[in-house]
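Structural characterization, general
Chain residues, written in single-letter form:
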Amino acid sequence: MASISFPSDRPQFYSSSSFEASPPFQAGNPHHYENGSESFAESDAKPAAEDVELDEQEDKVQLEKRIRKEDVLNEMFLTSNGRDKAFKLMQYTIRLFLLVHGTVASTRLFSRPPNVDLVKRLDSTATGLSFARKLLLLFNWLSPLTTITAQQSVPFSSERSSSKPSSRPFLHTLLHHTPPPVLLELVHALADDAVIYHKLGLIGKKFGQRAERFSDWCWLLATLVGLVENGVERQIIGRLQSEAENRLYAESMTGATAKSNPKATKTDEKELKRLQRQHYWLKMTTAKLAMDFIFVSYDLLNIKRAREPVKTLTGLTAAILSSAKLYDRHKTSLLKKMLTS
């Protein structure tokens, strides 16, 4: 959290050169100042720290308005995650169209038979998009593996005679020093790769089906872990948000304003905005995880009732929420780049 700096109340000291530059005292000279008084006058003319902070906030708002949607989308689609979100939106939009088309065509109000050729082409397109998304997930196990191998090396050895850092065995690090969410992510990514190799024909059908079911169980566990973590984090953020609101209310009741107590008021306002934004995206993430939980539960429990409508709607909702979060992340990244430049 950025802090607002203020001019120091301690006396300012000046070098001897500043006194030597002052002309000797001349009686009756209206332009003569005593030692250091001119420097004090110049320091008073400088903008206050809170004014500089306000200018930075205004610059940030102006830069945010200058960011174009095309630039954010370009940054998104440069990554495999962004292309995955685009394919997912297209896939479940097509599924929703096919669902509505089949429902409307089956009613008595429309005696016209459905366009069989169009349905086949769109169904094939949705299947192809699903397979393309699976290909984009290849080698996702490299990220958790990098995290594990980074913990494998011990920077400080207990032996004083050894100058080089020691290294733990990989299996020891994997089982004893890897956080459970990271280990789950690694296993899930490996199972996803096995499913993709089965789709490509590199692995047999029986092993591929087992890998797919195991991947679904990993997805379910990861979703439950995410829901628990988000719930705890939302409670913490909510408590901090309440504390910031209480501080602002107390300051308003005691008569403190932005002019009388600028540091505390502006800091609390900035902190409250940050917490509100963070709490908003936590709610969006929780909703997305809830959609994933419903989706994967239908596959694992093999629920037949309203299978296609529920999976289509939950899949499309999850795609919209995750795409919005990724869009905001890339927009924030672009804004930081513009501020640093």
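Scroll up to find the structure this text is about.
Since we're looking at a predicted model, the values are computed, not measured.

Among the surface-exposed residues, Leu 221, Leu 224, Phe 293 and Ile 294 lie close enough to one another that they form a single nonpolar patch of about 300 Å² accessible area. When residues of the nonpolar patch are traced back to their parent elements, those giving at least two are α10 (205-253) and α11 (262-300). Along the chain, Phe 293 turns up in helix α11. Residue classification places Phe 293 among the partly exposed residues on the basis of a relative accessible area of 32%.

This paragraph deals with the pattern of salt bridges. All told, the structure shown has 10 salt bridges when counted by the stated rule. For Arg 133, the salt bridge goes to Asp 84, with nearest N and O atoms at 2.9 Å. Here Asp 84 lies in helix α5 (residues 80-105) and Arg 133 lies in helix α6 (residues 116-136), a separation of 49 residues in the sequence. With relative accessibility at 15%, the residue Arg 133 sits in the buried group. Accessibility expressed as a relative area gives 8% for Asp 84, which makes it buried. A salt bridge links Asp 328 to Arg 277; its shortest N-O distance comes to 2.7 Å. Separated by 51 residues along the polypeptide, Asp 328 in helix α12 (residues 307-340) and Arg 277 in helix α11 bring together distant segments of the chain. Among the residues examined, Arg 277 registers a relative accessible area of 42% and is labelled partly exposed. Three or more residues joined by partner-sharing salt bridges are found here, namely Asp 84, Lys 85 and Arg 133.

Let's shift gears to unusual backbone geometry. The phi torsion of most residues other than glycine is negative, and most of the peptide bonds are trans. For Phe 139, which is not glycine, the phi torsion reads 65° and is therefore positive. Residue position: Phe 139 is located in the loop between α6 and α7 (142-150). Unlike most non-glycine residues, Asn 302 shows phi in positive territory, near 55°. Following the sequence through the fold, Asn 302 ends up in the loop between α11 and α12.

What counts, and at which threshold
Residues numbered from 1 in each chain as written. Predicted model: local features only at pLDDT ≥ 70, side-chain atom pairs only at ≥ 80, totals over all residues. Heavy atoms only, no water. Patch = residues over 30% accessible without salt bridge, like charges linked within 9 Å, V, L, I, M, F, W, Y side chains within 5 Å. Areas by Shrake-Rupley, 256 points an atom, 1.4 Å probe, with all protein chains shown as cover. Salt bridge = Lys/Arg side-chain N within 4 Å of Asp/Glu carboxyl O. Helix = DSSP H or I, 4+ residues; strand = E, 2+ residues; numbered from the N terminus. Buried < 20%, exposed > 50% of the residue type's maximum accessible area, 1.4 Å probe, protein only.

Worth remembering: the numbers are spatial, not functional.
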